[in-house]
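Given next are the chains, with one letter for each unit.
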Amino acid sequence: MLQQHKYQHIQNRFILFFILVSLPPLIFLGLVASWSVTTTRAINVSELESHVVQSIATRTEKVINDGVETIELHVPDRTIADIALVPPDQLRTLLEQFMATSEFVNVQEITIVSVSGKEIQKLRRDFKPVSLGPSPITDTEKFKIAVEQGRYFSTVYFQDGVPMMTLAARILNGSGFFIGVVTVETKLTFIQNDIIKDVILGQSGYVYVVDQEGRIIGHSRDASRVGQMMALPIVTSVLAGNTHTGLAASDRYRNDSGTLVFAAARPMQQMHLGVVAEWPEQDALEVVRTIQKQITIFVFSTFGLILLASLFLARQVTKPIQLLRAGAQRIGGGKFEHRIVLSRHDELGELAESFNDMAVQLKKLDELKAIQIRSEALAESLRKEQELSHQKDTFIS
């Protein structure tokens with residue numbers, strides 16, 4: 001029983017050695033793999049969000065700029081110095097044709113303004129009568145910027161809960177000279193209905209566009225939020241002209257509902273807008289958790305296999321030693337005919353053969369010793385017989 005305990009102790013130490021050698025590297029590799037997967041996924045999420053906000057900003061800017069291009073009127077006549085000199089019926093027809101054929105369908109009202117800033121023609125999309133402004137608009141921002149820069153984009157305003165924007169552009173004659181300004185009031189509902197409505201980020205990610213005051217004018221998952229304020233640092237930052245790629249620590253925060261999110265943002269400074277993408281961390285990293293579970297299963301499975309292998313190897317070592325010791329004890333006990341049988345071709349097998357050879361030699365020595373003992377006994381018997389014979393002869397004499 002004591003010997004079995006000794007062998008069990010050797011076996012346990014052998015297994016413990018394998019555990020100490022294999023377990024720390026497995027844990028280290030698991031942690032490195034988990035960190036690598038998490039980091040790679042966070043980068044992928046940031047890149048995807050950056051691509052989405054870039055795409056939305058580009059499409060929004062293109063639609064609005066294309067809209068301004070459609071209202072940039074050119075009068076072929078080189079001699080006209082003021083759009084007010086064009087007959088009113090011709091201007092009316094021009095505006096009606098614009099409303100009927102323009103691809104920029106969000107325009108709700110279009111106005112022609114003379115060089116002096118006086119509104120001379122105005123048309124609504126529903127063709128209802130609309131009054132002209134009584135005073136010149138030469139001192140307004142839209143008139144000044146349109147004259148100086150060619151195009152004007154107002155800040156967003158809401159009308160009956162609908163986000164609106166004023167656009168303005170110069171009117172040029174055939175010689176390229178400024179002869180007036182055209183302004184339009186257009187809905188921005190295309191952002192919600194056409195650009196971000198179908199944007200999907202995983203199961204719960206979303207994108208929203210905000211105006212200069214931080215009001216939502218489009219939300220990819222919840223259109224009912226249009227008009228609500230977003231008082232988040234990232235909104236303030238993007239409206240200040242800063243781009244967020246999603247890689248900075250500040251791009252990971254709790255949104256207005258308290259959910260931890262990854263975020264990216266891009267400004268549209270010319271339009272006084274900003275677009276923000278927010279992706280809840282739990283959803284964005286769901287694939288990471290799945291991979292981490294697989295890594296954990298792999299680590300424990302590998303460790304279990306190593307443990308089984310170490311147990312097998314330990315028994316492979318201790319069992320031959322037990323056989324060698326038992327055989328040595330039997331040979332040492334005088335059973336020289338006993339042979340240790342180990343079907344191995346390693347050092348332990350050679351040791352077993354050495355014990356067997358030793359048993360053969362010991363048996364030969366034992367046989368020689370037995371012969372010697374018998375010889376000595378026979379010699380002693382002859383000596384005693386000779387001595388008795390001598391005593392007999394002496395007695396007879």
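Residues numbered from 1 in each chain as written. Predicted model: local features only at pLDDT ≥ 70, side-chain atom pairs only at ≥ 80, totals over all residues. Heavy atoms only, no water.

**Here's the deal with the overall build of the chain**
Then, in step 1: The secondary structure content of the chain amounts to 8 helices and 11 strands.
Then, in step 2: Over its C-alpha trace the chain gives a radius of gyration of 50 Å, far above what one expects of a compact globule, namely 21 Å for 397 residues.
Then, in step 3: The 397 residues of the chain split such that 38% are buried.
Then, in step 4: Excluding contacts between residues fewer than 6 apart, the proportion of contacts in the chain whose partners are at least 24 apart in sequence is 58%.
Then, in step 5: Summed over its atoms, the accessible surface of the chain is roughly 23200 Å², and 58% of this surface lies on carbon and sulfur atoms.
Then, in step 6: Taking the 40 positively charged and 43 negatively charged side chains of the chain as two groups, their mean positions are separated by 9 Å. (Helix = DSSP H or I, 4+ residues; strand = E, 2+ residues; numbered from the N terminus. Rg over C-alpha atoms; globule rule 2.2 N^0.38 Å. Buried < 20%, exposed > 50% of the residue type's maximum accessible area, 1.4 Å probe, protein only. Contact = heavy atoms within 4.5 Å. Areas by Shrake-Rupley, 256 points an atom, 1.4 Å probe, with all protein chains shown as cover. Lys, Arg positive; Asp, Glu negative; His and termini not counted. Charge placed at Lys NZ, Arg CZ, Asp CG, Glu CD.)

**Quick look at the sheet that holds strand β11 (residues 273-280)**
Then, in step 1: Read across the open sheet, the 5 strands follow the order β8-β7-β11-β10-β9; overall the sheet is antiparallel. Of all strands in the sheet, those with a lone pairing partner are β8 (216-219) and β9 (252-254), marking the two edges. The average undirected angle you get between the axes of adjacent strands in this sheet is 35°.
Then, in step 2: Relative to strand β10 (residues 260-268), β9 runs antiparallel, the two being bridged by 3 bridges. Paired with R252 across the strands is F262, a residue of β10. (Pairing = 2+ DSSP bridges. Axes fitted to C-alpha atoms, helices over the stretch in contact; angles between N-to-C directions.)

**Structural notes on the pairing of β8**
In regular strands, side chains alternate between the two faces of the sheet.
Then, in step 1: Both strand β7 (residues 206-210) and β8 contribute to a ladder of 3 bridges, which runs antiparallel. Following the sheet pairing, V210 is matched in β8 by I216.
Then, in step 2: Hairpin connection of β7 to β8: 5 residues between the antiparallel strands, including G214 at a positive phi of 90°.

**Regarding helix α3 (residues 141-149)**
Then, in step 1: Buried residues of α3: K142, F143 and A146, and no others. Seen end-on, α3 carries its buried residues on one side only, within an arc spanning 100°. Exposed positions of α3 whose direction lies more than 90 degrees from the buried face are E141, E148 and Q149.
Then, in step 2: Those residues of α3 that are buried are in contact with β1 (107-113), β3 (151-153), β5 (162-172) and β6 (178-187).
Then, in step 3: A positive backbone phi angle near 95° is found at G150, which sits one or two residues after α3. (Arc of directions from axis to C-beta.)

**Some remarks on the pattern of salt bridges**
A side chain with one charge may pair with a side chain of the opposite charge, provided their charged atoms come close.
Then, in step 1: Within the structure shown, the criterion is met by 13 salt bridges.
Then, in step 2: Across the salt bridge formed by E69 and R151, the nearest N and O atoms sit 3.5 Å from each other. One end of the pair, E69, is in helix α1 (residues 2-71); the other, R151, is in strand β3, and 82 residues separate them in sequence.
Then, in step 3: A salt bridge links K122 to E109; its shortest N-O distance comes to 4.0 Å. Here K122, found in strand β2 (residues 119-124), pairs with E109, found in strand β1; they are 13 residues apart in sequence, far enough to count as distant.
Then, in step 4: K122 sits in the buried class, given a relative accessible area of 12%. (Salt bridge = Lys/Arg side-chain N within 4 Å of Asp/Glu carboxyl O.)

**Quick word on the side chain of E119**
Then, in step 1: Summarising the element assignment, E119 is placed in strand β2.
Then, in step 2: Under the relative-accessibility criterion, E119 is labelled buried at 10%.
Then, in step 3: Among the polar contacts listed, one links the side chain of E119 to the side chain of K122, at a separation of 3.1 Å.
Then, in step 4: With residues near it in sequence (within four places) discarded, E119 still touches T111, I112, V113, L132, G133 and I137. (Polar contact = N/O pair within 3.5 Å; in protein donor to acceptor, adjacent residues only side chain to side chain.)

**Brief notes about the pairing of β6**
Then, in step 1: Most of β6 is tucked away: 8 of the 10 residues are buried.
Then, in step 2: Relative to β6, β1 runs antiparallel, the two sharing 6 bridges. Bridge pairing in β6 links V107 to T186.
Then, in step 3: Inspection of the sheet shows β5 paired to β6 by 9 bridges, in the antiparallel sense. Note on β6: the bridge partner recorded for L172 is F178.
Then, in step 4: If you look at the hairpin formed by β5 and β6, you'll find 5 residues sitting between the two strands, and G176 has a positive phi there, around 85°.

**Section: helix α7 (residues 286-332)**
Then, in step 1: Over its 47 residues, α7 extends 68 Å from the first C-alpha to the last, a length consistent with the 69 Å expected when each residue adds 1.5 Å.
Then, in step 2: Taken together, the buried positions of α7 are V288, I295, V299, T302, F303, S310, A314, T318, P320, L324, G327 and I331.
Then, in step 3: Taken from the residues just after α7, G334 is the one with a positive phi, measuring 100°. (Expected span 1.5 Å × (residues − 1).)

**Focus on the environment of S257**
Then, in step 1: In this fold, S257 is placed in the loop between β9 and β10.
Then, in step 2: In this structure the side chain of S257 is engaged in a polar contact, spanning 2.9 Å, whose partner is the side chain of N255.
Then, in step 3: In terms of polar contacts, S257 uses its side chain to reach the side chain of T259, at 3.5 Å.

**Notes on the nonpolar core**
Then, in step 1: In this structure, I56, L167 and V209 are the most contacted members of the largest nonpolar core, which totals 52 residues.
Then, in step 2: Top contributing element to this core by residue count: α1, with 8 residues.
Then, in step 3: Each residue touching V209, except ones within four places of it in the same chain, is listed here: I56, I191, I196, R215, I216, I217, G218, M268, L273, G274 and V275.
Then, in step 4: Counting residues in hydrophobic clusters, the runner-up holds 14 residues, among them V210, I216, V238 and A263. (Core = buried A, V, L, I, M, F, W, Y, C linked by side-chain atoms within 4.5 Å.)

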